[in-house]
Amino acid sequence: MALDTRAVLAIIAGLLMTVALVAARRDDRLLGTWIMMIAFAVATLWSVLSIVWAQSNPSALSPKLWITMASMAAAATVYFGYMGLHGEGLGE
C-alpha cells in the first residue's frame, strides 16, 4: 500500500503536533510553539493539496470546505508564529 503526498503530509503534521505538545509539557514551551507553527504550516500544505485533489476526485468534503480548512490552518500558522516571535510559549 503506497502513501500519497497528502497522506505523508498528514502524518508529518500529526507527528509534529504531538512533538510540540510533548516539548511544551517538558517545560520547553517556546520550542513547542515553534514546532506547532511548523506543524500547522505542513497542515496548510496538506489542505491546499486537498483542494486541488477534491476538484478532480470524489471527496467527502467539497473544495469550498477544503478552502475553509486551509485558511484555518494558515491562520493557526500565523498565530503560533506570532506567539513564537514574542517569546510566548504554549500554555503560558
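K.L.:
How should I be thinking about a nonpolar patch on the surface in this particular structure?
P.N.:
The grouping of L3, V8, I11, I12 and L15 at the surface amounts to a nonpolar patch, some 430 Å² of accessible area in total. The topology assignment puts L15 in helix 1 (residues 5-25).

K.L.:
Just checking my understanding: could you explain helix 3 (residues 63-85) for this structure?
P.N.:
Two residues of an α-helix separated by three or four positions point the same way, owing to the 3.6 residues in each turn. Over its 23 residues, helix 3 runs 33 Å from end to end, which matches the ideal 33 Å to within 8%, given 1.5 Å per residue. Among the residues making up helix 3, those that are buried are W66, A70, A73, A76, T77, F80, G81, M83 and G84. Where the residues of helix 3 are buried, they touch helix 2 (29-56). Positive phi appears at G87, one or two residues downstream of helix 3, with a value of about 75 degrees.

K.L.:
I keep staring at the packing of helix 1 against helix 2 and nothing clicks. Help me out?
P.N.:
Viewed as axis vectors pointing N to C, helix 1 and helix 2 meet at an angle of 160 degrees, and their least axial separation amounts to 8 Å. Taken together, the axes of helix 1 and helix 2 are roughly antiparallel relative to one another. With respect to the hand of their crossing, helix 1 and helix 2 are arranged in left-handed fashion. Grouping the constituent residues of the contact of helix 1 with helix 2 by class yields 22 nonpolar, 3 polar and 2 charged.

K.L.:
Would you take a moment to explain the side chain of R6 for this structure?
P.N.:
When you line up the elements, R6 lands in helix 1. Residue contacts for R6: discarding those within four places in its chain leaves W46, L49, S50 and W53.

Conventions adopted
Residues numbered from 1 in each chain as written. Predicted model: local features only at pLDDT ≥ 70, side-chain atom pairs only at ≥ 80, totals over all residues. Heavy atoms only, no water. Patch = residues over 30% accessible without salt bridge, like charges linked within 9 Å, V, L, I, M, F, W, Y side chains within 5 Å. Areas by Shrake-Rupley, 256 points an atom, 1.4 Å probe, with all protein chains shown as cover. Salt bridge = Lys/Arg side-chain N within 4 Å of Asp/Glu carboxyl O. Helix = DSSP H or I, 4+ residues; strand = E, 2+ residues; numbered from the N terminus. Expected span 1.5 Å × (residues − 1). Buried < 20%, exposed > 50% of the residue type's maximum accessible area, 1.4 Å probe, protein only. Contact = heavy atoms within 4.5 Å. Axes fitted to C-alpha atoms, helices over the stretch in contact; angles between N-to-C directions. Parallel < 35°, antiparallel > 145°, perpendicular 65-115°, else oblique. Left-handed = near helix turned anticlockwise from the far one by under 90°. Nonpolar A, V, L, I, M, F, W, Y, C, P; charged D, E, K, R; others polar.

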